[in-house]
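# Reading the structure
In case you want the letters, here they are:
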Amino acid sequence: QVQLVESGGGLVQAGGSLRLSCAGSGRTFSSYNLGWLRMAPGKEREFVGAITWSGGGTYYAYSVKGRFTISRDNAKSTVYLQMNSLKPEDTAVYYCATTYNYVATTQEVYDNWGQGTQVTVSS
């Protein structure tokens, strides 16, 4: 088991940037693939992107590809989501979670959810 805590959310203007962090507890953090998902008001939770346990592979949703980058530092037990060129439609609560399949986009394959961090992009 691993516990995840997201941070770094906030209010930003369209076109701006934010970096979210997902800090994990436990010595097994480096053995997990990690993903980011988001839930906008009135919408289903959707896949944003994911990274393999080693950091050697990443996979992104089409809507964020080229704007968002996921990286990780296993020495710090932390995964990052760098978000650039933010749009109002990126407004959501962002969650990190573990997965056995980093190219799967459905939330059912994710586990050990964090509490989420709010990102609000103003126009």
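Described in the following lines is the structure provided in the data block. (Residues numbered from 1 in each chain as written. Predicted model: local features only at pLDDT ≥ 70, side-chain atom pairs only at ≥ 80, totals over all residues. Heavy atoms only, no water.)

### Digging into unusual backbone geometry
Non-glycine residue Ser 77 carries a positive phi angle of around 50°. If you trace the backbone, Ser 77 turns up in the loop between β7 (68-73) and β8 (78-83). What makes Ser 77 buried here is its relative accessible area of 17%. Here the phi dihedral of Ser 85 falls at roughly 50°; this positive angle occurs in a residue that is not glycine. (Helix = DSSP H or I, 4+ residues; strand = E, 2+ residues; numbered from the N terminus. Buried < 20%, exposed > 50% of the residue type's maximum accessible area, 1.4 Å probe, protein only.)

### Considerations on the nonpolar core
If you look at the biggest cluster of nonpolar residues, it comprises 33 residues, and the most contacted ones within it are Trp 36, Phe 68, Val 79, Leu 81, Met 83 and Tyr 94. What Met 83 contacts, discounting residues up to four positions off in sequence, is Gly 16, Ser 17, Leu 18, Leu 20, Arg 67, Phe 68, Tyr 94 and Val 119. (Core = buried A, V, L, I, M, F, W, Y, C linked by side-chain atoms within 4.5 Å. Contact = heavy atoms within 4.5 Å.)

### Some points on the packing of aromatic side chains
What the rule picks out here adds up to 3 aromatic pairs. Centre to centre, the rings of Tyr 95 and Trp 113 are 6.1 Å apart; their planes meet at 85°, and the pair counts as edge-to-face. In this pair, Tyr 95 sits in strand β9 (residues 92-99) while Trp 113 sits in the loop between β10 (110-111) and β11 (117-122), placing the two residues 18 residues apart along the sequence. Take Tyr 95: its relative accessible area is 15%, and that puts it in the buried class. Relative to Trp 113, the ring of Tyr 110 lies with its centre 6.1 Å away and its plane at 50°, an arrangement referred to as tilted. With relative accessibility at 5%, the residue Tyr 110 sits in the buried group. An aromatic cluster is built from Tyr 95, Tyr 110 and Trp 113, whose rings are joined through pairwise contacts. In this structure, Arg 45 packs its charged tip against the face of Tyr 95, placed 4.8 Å from the ring centre. The lysine or arginine in question, Arg 45, covers the ring of Trp 113, its NZ or CZ lying 3.8 Å from the ring centre. (Phe/Tyr/Trp six-rings, centres within 6.5 Å; stacked < 30°, edge-to-face > 60°. Lys NZ or Arg CZ within 6 Å of the ring centre and 35° of its normal.)

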